[in-house]
Amino acid sequence: MKTLNEYLPGQKVILGRPALFDEVALRLAELGLCEGATVTITRRGPLGDPLEVEVKTTRICLRAEKARQYPADLSPAGVRP
Amino acid sequence: MTSAPTVVLLGNPNAGKTTLFNALTGLRAKVGNYPGITMDVRAGDIVAGDQRVQVIDLPGTYSLAPHSDDEAVAVRVVLGRLAPHLVPHHIVLVLDATHLERHLYLAAQLERLQIPYTVALTMTDTLDAEGGRLDVAGLAQVLGRPVYRASGNNPDEVQAFRQRLLDDVRDEPLPAVDVTPLWYRALVEVAGAGDAVGSDRPGPDVDAAAVAKDAVDGLARRATEIADQVLTMPDERPRSERRTDAIDRVMLHPVAGPMVFVVLFGLLFQALFTWAAPLMDGIDLVVGGLGELLVGYIPDDMPLSKSLFLDGVVSGVGNVLVFVPQIAILFLALSLLEDSGLLARVAFLLDRVMSRVGLHGRAFVPFLSGFACAVPAIMATRAISSHKDRLTTIMVTPLISCSARLPVYTLIIATVFATAEPVLGINVGTWILFGAYGLSVGAALAIAFVFKRTLLKSPVPSLVLELPVYRRPRLGQAAKTAAEKSFAFLRDAGTIIFAITLVLWALFTFPRDDAAQAQLQADVAALDKTAEDAEEREQALRSAHAAHALDHSVAGRLGHALEPVLSPLGFDWKIGVGVIASFAAREVFVSTMGLVYGLGDGTDEESVSLKHAIQNDTYPNGEKVYTPLTGLSLIVFFVLAMQCMSTLAATRRETRSYRWPVFQFAYMTALAYVASLITFQVGRLLGFG
Ligand SMILES: Nc1nc2c(ncn2[C@@H]2O[C@H](COP(=O)(O)OP(=O)(O)O)[C@@H](O)[C@H]2O)c(=O)[nH]1
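Residues numbered from 1 in each chain as written. Chains lettered and ligands numbered in written order. Predicted model: local features only at pLDDT ≥ 70, side-chain atom pairs only at ≥ 80, totals over all residues. Heavy atoms only, no water.

J.: Could you clarify how one ought to interpret the overall build of chain A in this entry?
T.: Looking only at helices and strands, chain A features two helices and five strands. Each helix and strand of chain A, placed in order from N terminus to C terminus, yields the pattern β-α-β-β-β-α-β. Relative to a compact globule of 81 residues, whose C-alpha radius of gyration would be 12 Å, chain A shows 11 Å and is just as compact. With the C-alpha coordinates of chain A rotated into their principal frame, the extents come out at 35 × 30 × 25 Å. Within chain A, buried positions represent 59% of all 81 residues. In chain A, the proportion of contacts linking residues at least 24 apart, taken out of those at least 6 apart, comes to 64%. (Helix = DSSP H or I, 4+ residues; strand = E, 2+ residues; numbered from the N terminus. Rg over C-alpha atoms; globule rule 2.2 N^0.38 Å. Buried < 20%, exposed > 50% of the residue type's maximum accessible area, 1.4 Å probe, protein only. Contact = heavy atoms within 4.5 Å.)

J.: What am I meant to see in the packing of aromatic side chains here?
T.: A ring pair, where both rings are aromatic, is described by two values, the distance of the centres and the angle of the planes. Residues and elements named next belong to chain B. A full pass over the atoms with the stated rule returns 17 aromatic pairs over all chains. Ring centres 5.9 Å apart and planes at 75° place the aromatic pair Phe583 and Phe665 in the edge-to-face group. Of the two residues, Phe583 sits in the loop between helix 25 (573-581) and helix 26 (588-596) while Phe665 sits in helix 30 (residues 659-685), which places them 82 residues apart along the sequence. A relative accessible area of 32% places Phe665 in the partly exposed class. Connected via pairs of aromatic rings, a cluster forms that spans Phe269, Phe371, Tyr409 and Tyr437. The residue whose ring lies beneath Arg345 is Tyr470, and the NZ or CZ to ring-centre distance is 4.1 Å. (Phe/Tyr/Trp six-rings, centres within 6.5 Å; stacked < 30°, edge-to-face > 60°. Lys NZ or Arg CZ within 6 Å of the ring centre and 35° of its normal.)

J.: Explain the site of the ligand to me, please; I cannot follow it from the model alone.
T.: All names here are of chain B. What surrounds the ligand is a group of 19 residues, the closest being Asn14, Lys17, Thr18, Thr19 and Asp125. Between the ligand and the protein, one listed contact pairs an oxygen atom with a side-chain N or O atom of Lys17 at 2.7 Å. Within the backbone of Met123, a nitrogen or oxygen atom sits 3.1 Å from an oxygen atom of the ligand. Protein coverage of the free-state accessible area of the ligand, which is 570 Å², stands at 91%. Elements represented by at least two residues in the shell around the ligand include exactly helix 1 (17-25) and helix 4 (124-129). (Near = heavy atom within 4 Å. Polar contact = N/O pair within 3.5 Å; in protein donor to acceptor, adjacent residues only side chain to side chain. Areas by Shrake-Rupley, 256 points an atom, 1.4 Å probe, with all protein chains shown as cover.)

J.: Just to check I follow, could you spell out unusual backbone geometry for this structure?
T.: Glycine aside, residues mostly have negative phi angles, and peptide bonds mostly take the trans form. A cis geometry characterises the amide bond from Asp49 of chain A onward to Pro50 of chain A, with omega recorded as -5°. As for its position among the elements, Pro50 of chain A is in the loop between strand 2 (38-44) and strand 3 (51-55). A cis geometry characterises the amide bond from Phe510 of chain B onward to Pro511 of chain B, with omega recorded as -15°. Relative to the assigned elements, Pro511 of chain B resides in the loop between helix 21 (494-509) and helix 22 (514-526). Its identity as a non-glycine residue notwithstanding, Gln114 of chain B has a phi of 60°, on the positive side. Its location among the elements puts Gln114 of chain B in the loop between helix 3 (100-112) and strand 6 (118-122). Owing to a relative accessible area of 71%, Gln114 of chain B belongs among the exposed residues under this scheme. Despite not being glycine, Met123 of chain B shows a phi value in the positive range, around 60°.

This is the structure we're talking about:
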């Protein structure tokens, strides 16, 4: 299965269960990146890191290294125009 | 602090707490000091008739399981565990109506911990404008708590909310919160700031991560459930979000973004470096002028009192006040950047670079400000939420070459390198300046790297960062922050700076040589007042006396006593005296050299006679005191040494301890000494000097 880190800006995905539920994962969950949440990848920082995603009009940055721990499926809602 | 009932404002960062706080309390707010915490907590009063309520603006937090030190402060206050006199009587949960679902996560936590609270809804103006509909009564019903609209920028809502607070607040503090439920202990454990909360750790047989994950999922579901019941949003994307998308397409663009920030911070830097200068000169002028005016009231036959007043008291006041323009400008700019949402974008763009050193993107602002002055820069470390990262940043910020070092570099370059041949077509002075700045930045980053892995060992901060929607910042609020910071500095650091100025004055004044003083009086009296060069000759006599008095003073003797320690660096006793004097402020080195060389008071780095005096100074054996190698060694020393009492006072204020400033002084002095020693000795071995 692909991870959150492998999707492209503009794509909408559904988050799976993170490989490691640590402090960072907890904070992300508190901001809305829970298992089952629908997340849009918005952009990447200079040189590809960090990653900006949006969940329910909240924009959140996380490092690519963390994004790799989240399995993610393309959402049926597809791509945001 | 007082016996008035305490209301605390709890909420996510950017929920509008500060705006609401300011609207509720007006200009009566003050920044409070609490034992055991190193951040400012703002407290203000609401007064109506003989009723008084104290309102506290807590640091923003996303959760009651704190992840950082400033979140821990908020949580400890809410749980009534920060300080006995800071137990809340009433908790106000500030919720941003335009991001209701996420903000309701805190409500779900409060609910599950059975903590009573009142909701203040902010940003309702934006919600209304964007066509969102929020059922306030419904929300109150689902939560089972009072809910009020209270946007900080709506005077009617604020007025009504203030009245509700006065009505609802009770005299007795809230009961102690039960922090024993396993789900909460698991959250606290995973969040990692458990010691601050003081709850028991989950036992070894509990999978804390799994329990915590289930707990968050449950709380988030509850938040969604509530939001779905009371909030309807139009289908189209809200205007504020679309505006944010548009701005971010530029600000976070891999090429355009950094360019815009370079311009923005260039402006800030310019303001700190250049635009603050006239204000600082103005303060010098006014304080000095008032001093001159007042000193007239001290009788002429009391020279010691005059000197104490002018060189001690007046210059002490001046030494404190000069920092105000830079502090005010920096905090004005920072709070505009922060409130608009721009500062969070800086962390996004700079994360790659700063995380290499092991610091958060937010450490960038203190580093940049450090080029102007370490004092406001150290105060700006507030934005760094991890205590150890903040300490690391405070420790290394004074290594960044501040503007007070420039006159020293300039003087040295202009005297010992004036005649050097250009290298690669570029002036040697330029190379040296370039090297000095390079050394300072390199040293700051290297020392930060070392501290982060040893003394202040802590994980590289995880970049989990919310990028808030852009909002138009309020100048009034920013001005208020700037004023508060300035006053806090005057109050907390001012006394120390003032006291050290007096000590330095005493070091440079005592013991006095009464015989020489009498001789000076006699010589001046004997001058032929009608001769056309009478004034110059009197000046010469006075300057020569000043040099003698300095030599005679404790500071002069210290300089001589330090000579054996300093000579391996290539410094003579006069430089030793200059180094001692520059503790008041680095640029004082220049005027002190003027005094030592008998050129009188008030010489600056452009002074031709000072340059000549330095160039022609020789040791008794005829060797020149200032060789290019000495100059280089002296510059290295000034780059690295902690020659600034005001920075130490700022460190003392921000760390609330004397240990850290003492450590800072010790390590920087040691570093400077060793580096200068190596420079001079290696240079000699290579045949320079
Ligand atoms: N439109 C609108 N903006 C607000 C309101 N309250 C605060 N703001 C803005 O939101 C931003 C963050 O507010 P602030 O009070 O600093 O939030 P804090 O981080 O919770 O203290 C600032 O730019 C404020 O001007 C409000 O009720 N309506």
